[in-house]
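Close look at the chain arrangement
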Amino acid sequence: MSTLRAAERVSRFGTTIFAEISALAVRLGAVNLGQGFPDFAGPSWVKEAATTAIAADMNQYAPYQGIPRLREAIAATWSAQGRGEIDPQREVTVASGATEVLFGAIQALLNPGDEAIVFEPFYDAYVPHVTMAGGLPRLVRLYPPQSATGSWWFDPQELRAAFTPRTRLLLLNTPHNPTGKVFTRPELALIAQLCCEHDVLLLSDEVYDQILLDGATHLSIATLPGMWERTLTINSIGKTFSVTGWKVGYAIGPAELNDALRAAHQWITFATATPLQAAAAVALEGALSNGYYQQLRSEYAERYTLLREILEQAGLPTLRTEGSYFIMADIAQTGFDSDAAFCRWLVSEVGVAAIPPSAFYADPATVPLLARFCFAKRPETLRAAGTRLAAMQLPQS
Ligand SMILES: Cc1ncc(COP(=O)(O)O)c(C=O)c1O
């Protein structure tokens, strides 16, 4: 008998549909609009900064809080964006991707039996992170827009009802993956009010804060009254600078919450790749004055328009994206009764990979019929998908 048995905390995780669709996409040579990563290069000045740092022998362990120059660049970026002055020594922590920040912060702030409020659909790591800490996720539904120009929304009563005496943490993600929703000021004000009333801490995952579309504006909930002292704001160099493989993420917040995160981080990865931190500092410093963010947004706006047209022309109506690099397409008219069945068929028969949003819900049975397409791709990739989608013959038609 095998002695290799998974512990209970991971035994039900299994393989994700992401892994299944990605493997199918590779095996079948499909155009991959599934997993969320750019298929174009990050900026050359950022890549050069990494090779320069390696050549300069910045190759040993970094300080566990992150190298000082990067923490200073993070603080300078936060203040240049009008979010306030912060102390790079005590109020910023660097870790290996936003994922490690989330995992570490949840380990650091949640006791077994504590509840964490999570909006559903949710970035798929949130619920496993909560359960691995012994916490209980309390899900609050985001509902699809009710009109072509509308936004995803939640019911304030359902949110209120999710707060209990055991609630310790709320996980927010804006701009939101997979819906593309950007939470509005009134929505954030209500979330803030409830967190203050119930003395709840908040993790605000803002990894797509620079990828805004359709005139949307992003607001960090930490800047609302009463929220700085209870919020860690999380971001990722990988998303903002199109280098997702670097896995450099960071948290900004009050010293007490950073101390808790650092206490966990020192026993998870301890430190994050030194040369990539040096390059991340160059990236943030450069982007303060070289127009990078505007260019990023205008390039994403073009890719968004292109993919939206492609999907609409293929007979897949799209929902509006306000931020992030994903489009949700309505598959209700395709004849499939599950998003997973549609996405398996699409990758196998049409040669285009998309992700079924049921991967972002606790109970796939109650999921709206949608498919998530990623537009962080070169125009030629999107056009190649367009050619295949234009020839799509639905099985029932
Ligand atoms: C909402 C959200 N948070 C966090 C991450 C992970 O970021 P990182 O690659 O920096 O760990 C992702 C990546 O897809 C994401 O979509």
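What counts and how
Residues numbered from 1 in each chain as written. Predicted model: local features only at pLDDT ≥ 70, side-chain atom pairs only at ≥ 80, totals over all residues. Near = placed C-beta within 6 Å. Helix = DSSP H or I, 4+ residues; strand = E, 2+ residues; numbered from the N terminus. Nonpolar A, V, L, I, M, F, W, Y, C, P; charged D, E, K, R; others polar. Contact = placed C-beta atoms within 7 Å. Buried ≥ 20, exposed ≤ 12 C-beta atoms within 10 Å, placed from the backbone. Pairing = 2+ DSSP bridges. Axes fitted to C-alpha atoms, helices over the stretch in contact; angles between N-to-C directions. Domains from an automatic or database assignment. Expected span 1.5 Å × (residues − 1). Arc of directions from axis to C-beta. Core = buried A, V, L, I, M, F, W, Y, C linked by C-beta atoms within 7 Å. Parallel < 35°, antiparallel > 145°, perpendicular 65-115°, else oblique.

**Some words on the site of the ligand**
The immediate surroundings of the ligand are formed by 14 residues, with Gly97, Ala98, Thr99, Asn177 and Ser236 found nearest. Here the element with the most residues in the shell around the ligand is helix α5 (residues 97-109); it accounts for three residues. Of the residues in the shell around the ligand, the class split is three nonpolar, nine polar and two charged.

**A closer look at the environment of His218**
Relative to the assigned elements, His218 resides in the loop between β6 (201-205) and β7 (231-236). With 142 residues separating them in the primary sequence, His218 and Ala76 have C-alpha atoms 18 Å apart. If sequence neighbours within four positions are ignored, His218 has contacts with Thr174, Pro175, Val182, Asp209, Leu212 and Gly323.

**Here we look at the pairing of strand β11 (residues 370-374)**
The buried fraction of β11 is high, at five of five residues. Residues Leu370, Arg372 and Cys374 of β11 are buried on one face, and the alternating residues Ala371 and Phe373, pointing to the opposite face, are buried as well. Pairing geometry for strand β9 (residues 326-330) and β11, over five bridges, is antiparallel. Of the residues in β11, the one forming a bridge with Ala329 is Ala371.

**Observations concerning the sheet that holds strand β2 (residues 92-95)**
Read across the sheet, seven strands follow the order β2-β8-β7-β6-β5-β3-β4 without closing on themselves; strand pairing throughout is mixed. Two strands lie at the open edges of the sheet, namely β2 and β4 (136-141), each paired on one side alone. For this sheet, the mean angle separating the axes of adjacent strands, direction not counted, is 20°. Note that strand β5 (residues 167-173) and β6 share five bridges and pair parallel. Considered in β6, the bridge of Leu169 is made with Leu201. Docked against the sheet, helix α4 (residues 68-80) engages β2 and β8 (249-252), running at close to 120° with respect to β2.

**Observations regarding the domain arrangement of the protein chain**
Assigned domains of the protein chain: these are domain 1 (8-42 + 292-390) and domain 2 (44-287). Between domain 1 and domain 2, the C-alpha centre-to-centre distance is 24 Å. Of the residues lining the interface, 32 residues belong to domain 1; the matching set on domain 2 comes to 37 residues. Put simply, the parts of the chain that give the side of domain 1 that touches domain 2 at least two residues each are α12 (292-313) and β9.

**Quick look at helix α8 (residues 185-197)**
Between its first and last C-alpha atoms α8 spans 18 Å; for 13 residues at 1.5 Å apiece the expected length is 18 Å, and the two agree. Considered for burial, the residues of α8 that qualify are Glu187, Ile191, Ala192 and Cys195. One side of α8 carries all its buried residues, which in axial view fall inside an arc of 135°. When the buried face of α8 is taken as reference, the exposed residues oriented beyond 90 degrees from it are Arg185, Pro186 and Glu197. Of the surrounding elements, those touching the buried residues of α8 are β5 and β6. Directly after α8, the chain includes Asp199, whose backbone phi takes a positive value near 50°.

**Points about unusual backbone geometry**
Backbone torsion omega between Glu120 and Pro121 reads 10°, so that peptide bond is classified as cis. Residue placement: Pro121 occurs in the loop between β3 (115-120) and α6 (126-132). The linkage connecting Asn177 with the following residue, Pro178, adopts the cis geometry, with an omega of 15°. Along the chain, Pro178 turns up in the loop between β5 and α8. Phi angles above zero are rare outside glycine, and Asp199 is one such case at about 50°. In this structure, Asp199 sits in the loop between α8 and β6. The exposure class of Asp199 is exposed, given the 9 C-beta atoms found within 10 Å. In the Ramachandran plot, Ser324 falls in the positive-phi region, its phi being about 85° despite a non-glycine side chain. By secondary structure assignment, the location of Ser324 is in the loop between α12 and β9.

**Quick notes on the nonpolar core**
One finds Ala279, Ala283, Val352 and Phe373 to be the most contacted residues of the largest nonpolar core, which totals 117 residues. A total of nine residues in this core trace back to one element, the largest contributor, which is helix α11 (residues 274-287). Of the domains in this structure, domain 1 (8-42 + 292-390) and domain 2 (44-287) are the two that each give at least three residues to this core. Aside from chain neighbours lying at most four places away, what touches Val352 is Ala30, Val31, Leu33, Leu346, Val347, Ala385, Arg388 and Leu389.

**Quick word on the packing of α12 against helix α14 (residues 379-390)**
Relative to each other, α12 and α14 sit at 5°, their axes nearing to 9 Å. With respect to each other, α12 and α14 are oriented roughly parallel. Contact with α12, carried on its side by Arg303, Leu306, Leu307, Ile310 and Gln313, involves Pro379, Leu382, Ala385, Gly386, Leu389 and Ala390 of α14 and no other residues of that element. Grouping the amino acids of the contact of α12 with α14 by side-chain chemistry returns eight nonpolar, two polar and one charged.

**Re helix α2 (residues 17-28)**
In this model α2 runs 16 Å from its N-terminal to its C-terminal C-alpha over twelve residues, within 8% of the 16 Å that 1.5 Å per residue would give. Just downstream of α2, Gly29 is the residue with a positive phi angle, here 65°.

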